[in-house]
Amino acid sequence: MVVSGQPSRVELFAAIRRDLRAGMSAREVQRTHHVTWRTVKAAAESAWPAGRAAYPQRGSKLDVFKPLIEEMLVADLDAPRKQRHTATRIFDRLVDEHEMRDVAYDTVRVYVAKRRPEVRVEHGRGAPEVFIPQTHLPGREAEVDFGDIAVRLRGELVTCHLFSLRMSYSGKAVHRVSATGGQEAFFEGHVHAFHTLGGVPAGQIRYDNLKAAVAQVIGFTRQRVETDRWVAFRSHFSVEAFYCQPGIKGAHEKGGVEGDIGRFRRNHLVPVPEVDSIAELNELIDDYDRADDQRRIGHRLHTIGEAFAAEKTLLTPLPVEPFETGLWLTPRVDRYSQVTVRSNRYSVPTRLINRPVRVLLNASDLTVFDSRTPITHHERLFTKGGSRLELDHYLEALVRKPGALPGSTALDQARAAGTFTAAHDAWWAAACKTHGDTAGTRALIEVLLLHRHLRTEHVVAGIHAALQAGAFTADAVALEARKAADTDVSTTPTCAADTSVDPQTPIRSLTQQRLSHLPADARSLPTVTSYDQLLGHPKESP
């Protein structure tokens, strides 16, 4: 049945053949259907209309020079790899040596790109690239790779590294972001993935030849010289590694994870995420991974989560003992009260100058230890040759050298981080105006020392109160800060005391403030009863 007014060509042929079988003459059929005798003849010969004839190929001004291009491409088959004709060189030779005119460079480039692989195949130097479909067993195979992502961290655009471990059977992928792509990030990504999956793939995990695992590639074989820590890590988790070929060929051997990183980056990290820390970003990444469990790959019958549920029970159980993914280092503190770690400098308290310390280097942070005691914690820098300094580490030295504070790098970084506020600057300027630069700066340093015992918001509230009262001494700020702390403590829901604050109530001392936060002592009161046994018995009277 014809829906529109104009029948299709197949329907027209069917109508013509029907009329011819009914005994209608060819001329009458032409008049009835308004067609020529050629159409009637074609319909009588076949029920299916023939396709349109292809237009004859139009000649090109490049046709004259194609034999010359052919000679250059054939000569390249035996030429050194780095001294073969590029499309630009072929174009220049045709213009200079053969006076080619009126032929655009793009015409030559397109023809060379099409013809070069054909010439290799025709001369037996290569075959068309073939990709063989693979079937993966559940719970046995996985792929690992890194990718770069852009993140806006506290307003600054930085480049981070995205670790991905993808199960080959289900397509379940676990991701982890870190500040670097070194061995620490490599190990942390594995540990996070194994704990998220609930086990370790029982078969092979495919890797490229990244430096975190491979120290040397031996010739053109699959043999590798592995790094010592990677050998220990594989032994701990019973990981069997399979190393892909170097270059683009190796990327095809783990195409699942290569495509997963690009898909994850396009679908979840556009627009560029804005976060305050790497930990916050990793929480978002975990949410995205859980949401992807509902995704269906291609035309598969089951979702990723359903397919992974079938292979989760086939994973190798995790070891009971943890594995230290961080790297222990033992740098020496220099005269600037800094330690150098991976070409970057991080501050420590000045009392550690000229002493060796222990540093636990993780993927996105590091912790400095004095023997077994943690001293300070820093986020890792994203660039080389940088420094991350804490103003608090230099306060004891600045008490002796107050003139070094205004131009110190630690002060600039504290202002940039927002820990040294405009209130600090205003109180400092007023104190210097009242007591002089040296005494005013020392008073500010004493105020900064309050941050070690009181919360930042309480100290800032104390500075504001001191500014309003015109009190430019550290004791006044400490008094107002403790008053703000007492007010804050009395208004917390967990406190049973009256929430109203009497202006006449005396302010507790700093020692009383600290003691009030100690846990209750459940020990019994001391007694001297046992000592009574040492007393001599009185003599009986006769």
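Since the structure is predicted, the reported quantities are computational estimates derived from the model, not experimental observations.

Q: Tell me about the packing of helix α4 (residues 66–76) against helix α5 (residues 87–98), residues and numbers included.
A: At their nearest, the axes of α4 and α5 sit 11 Å apart, and the two run at 125° to each other. Comparing their axes, α5 and α4 come out oblique. Judged by the sense of rotation from one axis to the other, the crossing of α4 with α5 is right-handed. Contact residues: α4 offers Leu68, Ile69, Met72 and Leu73, while α5 offers Ile90, Arg93, Leu94 and His98. Taken together, the residues that form the contact of α4 with α5 break down as six nonpolar, one polar and one charged.

Q: Can you explain the sheet that holds strand β15 (residues 387–388)? Please cite residues and give values.
A: Ordered by their spatial adjacency, three strands build an open sheet running β10-β11-β15, and the pairing between neighbours is mixed. Each edge of the open sheet is held by one strand with a lone partner, namely β10 (338–341) and β15. Note that strand β11 (residues 344–347) and β15 share two bridges and pair parallel. By the bridge assignment for β15, arginine 345 is matched with serine 387.

Q: How would you summarise the packing of aromatic side chains if you had to cite specific residues and measurements?
A: Following the criterion strictly, the structure yields 19 aromatic pairs and no others. Between the aromatic rings of tryptophan 230 and phenylalanine 233, the centroid separation amounts to 5.7 Å while the plane-to-plane angle is 15°, which identifies the pairing as stacked. Here tryptophan 230 and its partner phenylalanine 233 are both found in helix α8 (residues 228–237), three residues apart, which amounts to about one turn of the helix. Just as tryptophan 230 is buried, phenylalanine 233 falls in that class too. Taken together, Phe146, Phe163, Phe186, Phe187, Phe194, Tyr207, Trp230, Phe233, Phe237, Tyr243 and Phe323 form an aromatic cluster joined through their ring pairs. In this structure, arginine 206 packs its charged tip against the face of phenylalanine 242, placed 4.6 Å from the ring centre. Seen from the ring of tryptophan 328, arginine 358 lies directly overhead, with NZ or CZ sitting 4.2 Å from the centre.

Q: An account of the packing of helix α7 (residues 183–197) against α8 is requested, with residue identities and associated values reported.
A: With their axes 12 Å apart at the nearest point, α7 and α8 run at an angle of 10° to one another. By the angle between their directions, the pair α7 and α8 is classed as roughly parallel. Side by side, α7 and α8 meet where Gln183, Phe186, Phe187, His190, Val191 and Phe194 of the first sit next to Arg229, Trp230, Phe233 and Phe237 of the second. Broken down by class, the residue content of the contact of α7 with α8 amounts to seven nonpolar, two polar and one charged.

Q: Any chance you could break down a positive patch on the surface for me, citing the residues and the numbers?
A: On the surface, Arg81, Lys82, Arg84 and Arg120 cluster together into a patch of positive charge. Within the secondary structure, lysine 82 sits in the loop between α4 and α5.

Q: So what's going on with helix α15 (residues 422–435)? Residues and values would help.
A: An α-helical segment advances 3.6 residues per turn. Residues three or four places apart therefore align on the same side. Taking 1.5 Å per residue, 14 residues should reach 20 Å; α15 reaches 20 Å between its end C-alpha atoms and fits that length. Within the sequence span of α15, burial applies to Ala423, His424, Trp427, Trp428, Ala430, Ala431 and Cys432. Once α15 finishes, glycine 436 follows within two positions and takes phi at roughly 100°, a positive value.

Q: Break down the nonpolar core for me, citing the residues and quoting the values.
A: Residues Leu391, Leu405, Phe420 and Trp427 are the most contacted members of the largest nonpolar core, which totals 32 residues. Put simply, the parts of the chain that give this core at least two residues each are α13 (395–400), α14 (409–417), α15, α16 (437–449), α17 (456–469) and α18 (474–490). Looking at this core, the element that brings in the most residues is α15, giving six residues. Beyond its immediate chain neighbours, meaning those up to four positions away, tryptophan 427 contacts Ala443, Leu444, Val447, Ile463, Ala466, Leu467, Ala471, Phe472, Thr473, Ala474 and Val477. Grouped together as the second largest cluster of nonpolar side chains are 30 residues, Leu165, Ala213, Phe237 and Ala241 included.

Q: So, the sheet that holds strand β14 (residues 373–379): which residues are in play, and what are the values?
A: Spatially, four strands are ordered β9-β12-β13-β14 in an open sheet, and the strand pairing comes out antiparallel. Looking at the sheet topology across the chains shown, the edges are occupied by β9 (327–329) and β14. Neighbouring strand axes in the sheet, compared pairwise and without regard to direction, differ in orientation by 20° on average. Two strands pair when backbone bridges link them, and β9 and strand β12 (residues 358–361) are joined in this way by three bridges, in the antiparallel orientation. Counted as the bridge partner of tryptophan 328 is leucine 360 from β12.

Q: Give me the lowdown on unusual backbone geometry, citing residues and values where you can.
A: The linkage connecting valine 270 with the following residue, proline 271, adopts the cis geometry, with an omega of 0°. Take proline 271: it is sitting in the loop between α10 (255–268) and β8 (274–275). The phi dihedral of arginine 154 falls on the positive side, at around 50°, and the residue is not glycine. Relative to the helices and strands, arginine 154 is located in the loop between β1 (142–153) and β2 (156–167). In this model, serine 337 sits at a positive phi of 60°, which is unusual for a non-glycine residue. When you line up the elements, serine 337 lands in the loop between β9 and β10.

Parameters and conventions
- Residues numbered from 1 in each chain as written.
- Predicted model: local features only at pLDDT ≥ 70, side-chain atom pairs only at ≥ 80, totals over all residues.
- Heavy atoms only, no water.
- Axes fitted to C-alpha atoms, helices over the stretch in contact; angles between N-to-C directions.
- Helix = DSSP H or I, 4+ residues; strand = E, 2+ residues; numbered from the N terminus.
- Parallel < 35°, antiparallel > 145°, perpendicular 65-115°, else oblique.
- Left-handed = near helix turned anticlockwise from the far one by under 90°.
- Contact = heavy atoms within 4.5 Å.
- Nonpolar A, V, L, I, M, F, W, Y, C, P; charged D, E, K, R; others polar.
- Pairing = 2+ DSSP bridges.
- Phe/Tyr/Trp six-rings, centres within 6.5 Å; stacked < 30°, edge-to-face > 60°.
- Buried < 20%, exposed > 50% of the residue type's maximum accessible area, 1.4 Å probe, protein only.
- Lys NZ or Arg CZ within 6 Å of the ring centre and 35° of its normal.
- Patch = residues over 30% accessible without salt bridge, like charges linked within 9 Å, V, L, I, M, F, W, Y side chains within 5 Å.
- Areas by Shrake-Rupley, 256 points an atom, 1.4 Å probe, with all protein chains shown as cover.
- Salt bridge = Lys/Arg side-chain N within 4 Å of Asp/Glu carboxyl O.
- Lys, Arg positive; Asp, Glu negative; His and termini not counted.
- Charge placed at Lys NZ, Arg CZ, Asp CG, Glu CD.
- Expected span 1.5 Å × (residues − 1).
- Core = buried A, V, L, I, M, F, W, Y, C linked by side-chain atoms within 4.5 Å.

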